Amino acid sequence: MISDNLVQQDLITKLKTITTVTNVLGDGVSGIKELEWQGDTFKYPCVRLDLESNEYVFDEQELCQLYSIEFSLYIFSEERSSKQCSQIKGLLENYLTGIGWTGTNAKYTRLRLIDSVPAVREDERTWRSQLKYRTKVQILP
Amino acid sequence: MAKTPIVKISNITKFMDSLARSLRSNFAWSSQIRKTIRNHPATDRSGNVSGFITIGENEKDKSGNPLSGMIRAFEWGSGIHGTKRAKYIISPKNKTRLAFLWPKATPPYIRGRKLAGTASGGRLSFFYVEHPGVQKRGSIEKSVNATLSKAVPELKLAIRQNIVDIINITVNEINKTTAR
């Protein structure tokens, strides 16, 4: 069993290596956190990760130790126009779609983009866009 | 086989965005309320895609009461304009009297059940006042109706396209399997 926090840790670590994105975030590499992060001191623009599902892929012998996860990346910006929000989304989409890698806790096969939401106004001052991915996760031996 | 949703998050987000924009437009008369309209991210939990919008969440009005109360009053009407069809009483909370300027009142100011007398700065002092309430504006109702008539056909088209995509993917996968 691979716990949610280990998957989340791997994903955030991977996201923090994308320097083209972290360079434009208000808090740099610290600008990438989980969606429900309960702090209140941060700067826009920022990226938030939401691990939406982490399900065991059933196999009778239980040898694969394979999981299927779905996660969303939210990009928030406070600029007057949606340009910055869309640009960061584009950078993430170009980097992440189709990649696979081995993290500290598990191996992640090809990231499949399953939804891409253009920037919308979350409230009067904040833009939000979203990328949703699905991938297979294999626990490292 | 690939799991492809019939309703995508982007479909619901677009729908919710239309509603949020309509709400911001219909609440143009109150910047205090308009600023609290928040379109939360749509979520997909086991194929159930949903989104929600909050208005006045965790916000207070100028008197320190939840803003939701004020929004409710303007949506459905309050006092004589509401369901109770009666004025409601406003009494002091932290002081013993209410005091404010009332240019329409003319002397003599006789102390009674409501009027306590005069206060500094030309104000009148009251034990309590009766407020007639506010008229219904129905801003949320207008927005919902406007959005349903415009965005539902768009959502239907998007869902129809998703179903066509799913059928195409499934047929392709069946063809690949039978060709092996």
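Residues numbered from 1 in each chain as written. Chains lettered and ligands numbered in written order. Predicted model: local features only at pLDDT ≥ 70, side-chain atom pairs only at ≥ 80, totals over all residues.

Check the secondary structure of chain A and you find three helices and seven strands. The helix and strand sequence of chain A, counted from the amino end, reads α-α-β-β-β-α-β-β-β-β. Here chain A has a C-alpha radius of gyration of 16 Å; the compact-globule value for 141 residues is 14 Å, and the two agree. Each principal axis of the C-alpha distribution contributes one length, and for chain A these read about 55 × 25 × 25 Å. Split into buried and exposed, the 141 residues of chain A put 30% on the buried side. Nonlocal contacts in chain A, meaning residues at least 24 apart in sequence, comprise 56% of its contacts between residues at least 6 apart. (Helix = DSSP H or I, 4+ residues; strand = E, 2+ residues; numbered from the N terminus. Rg over C-alpha atoms; globule rule 2.2 N^0.38 Å. Buried ≥ 20, exposed ≤ 12 C-beta atoms within 10 Å, placed from the backbone. Contact = placed C-beta atoms within 7 Å.)

This part is about the overall build of chain B. Summing up its helical and strand segments, chain B has four helices and nine strands in all. Starting at the N terminus and walking to the C terminus, you meet the elements of chain B as α-α-β-β-β-β-α-β-β-β-β-β-α. Projected onto its principal axes, the C-alpha positions of chain B cover 100 × 30 × 25 Å. Burial status across chain B gives 17% buried among its 180 residues. For chain B, the proportion of contacts with a sequence separation of at least 24, taken over those separated by at least 6, is 59%.

Moving on, we come to the interface of chain B and chain A. The extent of an interface is frequently quoted as the accessible surface area lost upon association of the parts. Counting from both sides, the interface comprises 13 residues of chain B and, opposite them, 13 residues of chain A. Among the secondary structure elements, those contributing two or more residues to the side of chain B that touches chain A are helix 1 (9-26) and strand 1 (38-39) of chain B. The dominant element in the side of chain B that touches chain A, judged by the number of residues it contributes, is helix 1 of chain B, at five residues. Residues of the side of chain B that touches chain A, tallied by class, amount to four nonpolar, three polar and six charged. (Nonpolar A, V, L, I, M, F, W, Y, C, P; charged D, E, K, R; others polar.)

What follows covers the environment of Gly51(B). Structurally, the position occupied by Gly51(B) is in the loop between strand 3 (48-50) and strand 4 (53-54). As a C-alpha pair, Gly51(B) and Ile12(B) span 39 residues in sequence and 6.7 Å in three-dimensional space.

Residues and elements named next belong to chain A. Between its first and last C-alpha, helix 3 (residues 83-96) extends 20 Å over 14 residues, near the 20 Å set by a 1.5 Å rise per residue. Of all the residues in helix 3, the buried ones are Cys 85, Ile 88, Lys 89 and Leu 92. Summarising the axial view, the buried residues of helix 3 lie within an arc of 100°, below the 170-degree limit, and thus occupy one face. For helix 3, the exposed residues set more than 90 degrees away from the buried face come down to Lys 83 and Asn 94. On its buried face, helix 3 is in contact with helix 2 (19-22), strand 2 (46-56), strand 3 (66-77), strand 6 (112-121) and strand 7 (127-139). Following helix 3 by one or two positions, Gly 98 has its phi on the positive side, about 90°. (Expected span 1.5 Å × (residues − 1). Arc of directions from axis to C-beta.)

All names here are of chain A. Summarising the sheet, strand 1 (residues 32-34) and strand 2 pair through three bridges and their orientation is parallel. Looking across to strand 2, one finds that Ile 32 is bridged to Val 47. Taken together, the ten bridges between strand 2 and strand 3 define a ladder with antiparallel strand orientation. Opposite Leu 49, over in strand 3, you have Leu 73 as the bridge partner. (Pairing = 2+ DSSP bridges.)

So, about the environment of Gly138(B). In this structure, Gly138(B) sits in the loop between strand 9 (129-131) and helix 4 (139-179). In sequence terms Gly138(B) and Lys150(B) are twelve residues apart; their C-alpha atoms lie 18 Å from each other.

Following Tyr44(A), the chain continues to Pro45(A) via a peptide bond in cis, the omega torsion being -5°. Looking at the element boundaries, Pro45(A) is found in the loop between strand 1 and strand 2. The omega torsion across Pro107(B) and Pro108(B) is 5°, close enough to zero to call that bond cis. Residue position: Pro108(B) is located in the loop between strand 6 (98-100) and strand 7 (115-118). With a phi close to 60°, Asn58(B) is a non-glycine residue in the positive phi region.

Its domain assignment divides chain B into domain 1 (9-85 + 136-179) and domain 2 (88-131). Distance between the C-alpha centres of domain 1 of chain B and domain 2 of chain B: 43 Å. (Domains from an automatic or database assignment.)

Another point: the packing of helix 1 of chain B against helix 4 of chain B. When two helices pack together, their arrangement is given by the angle between the helix axes and by the axis-to-axis distance. Residue and element names in this part refer to chain B. Across the interface, helix 1 lies against helix 4 with an axial gap of 9 Å and an inter-helix angle of 155°. One way to sum up the angle between helix 1 and helix 4 is to call them roughly antiparallel. Handedness of the crossing formed by helix 1 with helix 4: right-handed. Residues Asn 11, Phe 15, Ser 18, Leu 19, Ser 22, Leu 23 and Asn 26 of helix 1 touch helix 4, and the partners they reach there are Ser 139, Ile 140, Lys 142, Ser 143, Ala 146, Thr 147, Lys 150, Ala 151, Leu 155, Ala 158 and Ile 159. Partitioned by chemical class, the residues of the contact of helix 1 with helix 4 number nine nonpolar, seven polar and two charged. (Axes fitted to C-alpha atoms, helices over the stretch in contact; angles between N-to-C directions. Parallel < 35°, antiparallel > 145°, perpendicular 65-115°, else oblique. Left-handed = near helix turned anticlockwise from the far one by under 90°.)

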